[in-house]
Amino acid sequence: MGALIKNQHILLAVTGGIAAYKSAELVRLMRKHGAEVRVVMTEAATGFISPLTFQALSGHAVHTALLDESQENAMGHINLARWADALVIAPATANCLAKCRHGLADDLVSALYLTATCPVFIAPAMNQAMWAKAATQENIEALQGHGVIMIGPNAGEQACGETGFGRMAEAWEICDAVLGSAESGMLAGKTVLITAGPTREPIDPVRYLSNHSSGKMGYALAEAAAAAGASVTLVSGPVSLTPPKTATTIQVETAEQMHRAVLERARSHDIFIAAAAVADYRPVQVETHKIKKTADGMTLTLEKNPDILADVAKLDNPPFTVGFAAETHDLEHYALDKLARKNLNMVAANWVGRDQGGFGSELNALEVFWPAGRQSLPMTAKTRLAGQLIALIAERMHDQNTA
Ligand code: PMT
């Protein structure tokens with residue numbers, strides 16, 4: 001894997017958190033894999049780890065000030081940003097995320113973020129309560145909408161003694177994430193079609209049948225596929241996420257519209273990933289006027305929607321087709337049934353209706369099955385999980401084509 005980032009210019013920005021010590025290992029790993037690394041630090045970060053450590057590990061002077069005459073002469077922040085093939089902010093504090101999200105530039109790291117035109121990877125690290133706070137989650141969501149690739153955080157015991165999400169991803173995980181994307185691309189030259197979000201099946205002009213899908217899993221897959229070099233088309237049901245800048249997004253409402261949008265495009269794509277939670281049934285009759293509350297009860301008659309995934313897999317020359325399975329029980333049984341019955345190349349099964357993961361959550365875990373194997377992808381941020389699933393798809397597709 002090391003060869004993939006050979007000669008890549010990685011600009012590592014370290015902000016003030018206890019996880020800063022892990023970034024020393026990150027520099028060592030990236031250099032071991034052939035990257036050239038330069039380090040910048042916020043003032044606060046220098047309280048946790050000495051710039052000298054990073055200087056020794058990277059082989060370059062470490063920049064700590066936005067306006068430092070000697071450094072601006074040597075390689076100022078504009079030149080550093082121009083030099084970088086990738087900007088990696090690790091650890092990124094809640095404060096740093098907020099600054100980047102809002103476009104502040106009052107220290108070297110936030111100024112670099114604003115200046116950078118290269119891919120940006122952020123590995124957040126903070127106390128679990130700070131991570132869970134709506135403001136932080138909104139900042140994360142907005143930054144992802146701006147094209148930032150989030151790595152982690154992981155769950156576990158924290159330096160503050162609490163347990164939960166907020167631990168910075170391990171150095172090797174960050175190295176892997178940057179390395180995978182820094183490569184010319186494991187999906188370079190490939191086209192990927194992805195469905196995401198729920199569908200809405202109208203009952204009357206003001207009511208519909210739907211489900212709890214937020215689109216986060218599908219949108220994260222679109223970002224990850226694009227980061228791996230693919231040209232991505234995202235067919236999205238109604239969600240409140242910002243369409244990824246790195247994909248062409250087609251907005252639909254109903255299962256029938258999603259079916260049409262996908263079937264029109266499936267033949268021209270190499271990979272199809274069905275992450276949408278498509279309504280299996282729709283009302284037979286859609287009232288033209290709002291139904292009035294006159295009777296004590298009412299019966300809705302439903303009819304089956306077309307199965308988008310099955311119809312793509314049935315095409316003469318289908319793309320590499322990956323289905324999802326959302327299950328509340330007997331996950332493996334139902335996933336394997338879908339794999340065989342719908343003739344899929346792969347199925348990614350997740351639990352829904354549990355405390356963690358599934359619908360709406362930032363987190364998820366997947367049990368991935370293909371005809372000759374399986375792999376568990378443990379609970380982590382959907383953004384990270386998406387990268388792991390894309391890597392698995394690229395690997396399986398490659399194995400299938402060379403078998
Ligand atoms: O959107 P999030 O909040 O991030 O949540 C993510 C998720 C839980 C929605 C996602 O990870 C997921 O599991 N998506 C599939 C949900 C689903 O509808 O599962 P299913 O077991 O009912 O359907 C199986 C597969 O057939 C799915 O790939 C589905 O997209 C596809 N399908 C289903 C019905 C239909 N008419 N057409 C389809 O293509």
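This text goes with the structure placed above it.
Basis of the calculations
Here the residue numbering is sequential within each chain, running from 1 through the sequence in written order. The predicted nature of this model means local features are confined to residues of pLDDT at least 70 and side-chain atom pairs, given and counted, to a pLDDT of 80 or more, with totals for whole chains, interfaces and linings taken over all residues. Excluding hydrogens and water, the side-chain figures rest on all heavy atoms present in the structure. A run of H or I in DSSP counts as a helix once it spans at least four residues, and a run of E counts as a strand once it spans at least two, with each numbered from the N terminus. Note on exposure labels: buried denotes an accessible area under 20% of the residue type's maximum, exposed denotes more than 50%, and partly exposed covers the range between, all computed with a 1.4 Å probe on protein chains only. Here the Shrake-Rupley method, with its probe set to 1.4 Å, supplies the accessible areas, and only the displayed protein chains count as covering residues. Positive residues here are Lys and Arg, negative ones are Asp and Glu, while His and the chain termini are left out of the count. Note on charges: their place is set at NZ of Lys, CZ of Arg, CG of Asp or CD of Glu. Only residues whose relative accessible area exceeds 30% and that form no salt bridge enter a patch; like-charged residues are grouped when within 9 Å of one another, and nonpolar side chains (Val, Leu, Ile, Met, Phe, Trp, Tyr) when within 5 Å. Put simply, a salt bridge is a Lys or Arg side-chain nitrogen that is within 4 Å of an Asp or Glu carboxyl oxygen. Paired strands are those between which DSSP finds at least two bridges. We call a residue near a molecule or strand when any one of its heavy atoms sits within 4 Å of it. Counting of polar contacts relies on pairs of N or O atoms within 3.5 Å, with two restrictions inside protein: one atom must be capable of donating a hydrogen and the other of accepting it, and residues adjacent in sequence are counted only when both atoms are side-chain atoms. Put simply, the grid is 1 Å and covers the protein atoms alone, a cavity is a trapped set of points that fit a 1.4 Å probe, a pocket is an open set with protein on both sides within 12 Å along at least five of seven lines, and lining residues have an atom within 4 Å of a point. To be counted as sitting in a cavity or pocket, a molecule needs more than half of its atoms within 2 Å of that site's grid points.

**With respect to the overall build of the protein**
Point 1. Of regular secondary structure, the protein possesses 14 helices and 19 strands.
Point 2. Projecting the C-alpha coordinates of the protein onto the three principal axes gives extents of approximately 75 × 55 × 35 Å.
Point 3. Residues classed as buried in the protein amount to 53% of the 403 residues present.
Point 4. Surface exposure of the protein reaches about 18400 Å², of which carbon and sulfur atoms provide 50%.
Point 5. Of the charged side chains in the protein, 33 are positive and 40 negative, and the gap between their average positions amounts to 3 Å.

**Observations concerning a nonpolar patch on the surface**
Point 1. Nonpolar side chains collect at one region of the surface, where Tyr281, Met298, Leu300 and Leu302 lie side by side and expose about 390 Å² of accessible area between them.
Point 2. Position of Tyr281 relative to the elements: it lies in strand β14 (residues 281–283).
Point 3. Exposure remark for Tyr281: the relative accessible area of 42% places this residue in the partly exposed category.

**Considering the pattern of salt bridges**
Point 1. On inspection of all chains with the given rule, the structure shows 17 salt bridges.
Point 2. The residue Lys338 makes a salt bridge to Glu327 at a minimum N-O spacing of 2.6 Å. Of this pair, Lys338 sits in helix α13 (residues 331–341) while Glu327 sits in strand β16 (residues 320–327); the two residues are 11 residues apart in sequence, bridging distant segments of the chain.
Point 3. Given a relative accessible area of 19%, Lys338 falls into the buried group.
Point 4. Since its relative accessible area comes to 9%, Glu327 is described here as buried.
Point 5. Put simply, Lys22, Arg167 and Glu170 are held in one network by salt bridges that share partners.

**Quick word on the pairing of strand β11 (residues 231–236)**
The two faces of the sheet receive side chains in turn, since in a regular strand these alternate between them.
Point 1. Most of β11 is tucked away, with 5 of its 6 residues classed as buried.
Point 2. Pairing of strand β8 (residues 191–196) with β11, which is carried by 6 bridges, proceeds in the parallel orientation. Its bridge partner lying in β11, Val192 is registered against Val232.
Point 3. Bridging between β11 and strand β12 (residues 247–251) involves 5 bridges; their strand directions are parallel. Across the sheet, the residue bridging to Thr233 is Thr248, located in β12.

**A word on the site of the ligand**
Point 1. Not every one of the 28 residues close to the ligand is listed here, only the nearest: Ser213, Ser214, Ala276, Lys338 and Asn350.
Point 2. Taking Ser213, its side chain carries an N or O atom lying 2.6 Å from an oxygen atom of the ligand.
Point 3. In this structure, an oxygen atom belonging to the ligand sits 2.7 Å away from a side-chain N or O atom of Lys382.
Point 4. When the free accessible area of the ligand is taken as 770 Å², the share hidden by the protein chains comes to 95%.
Point 5. Here the ligand is seated within the largest pocket.
Point 6. Contributing elements (two or more residues each) for the shell around the ligand: α10 (216–227), α12 (308–313) and β16.
Point 7. Of all the elements, β16 adds the most residues to the shell around the ligand, at 4 residues.

No statement about biological role is implied by the geometric values presented.
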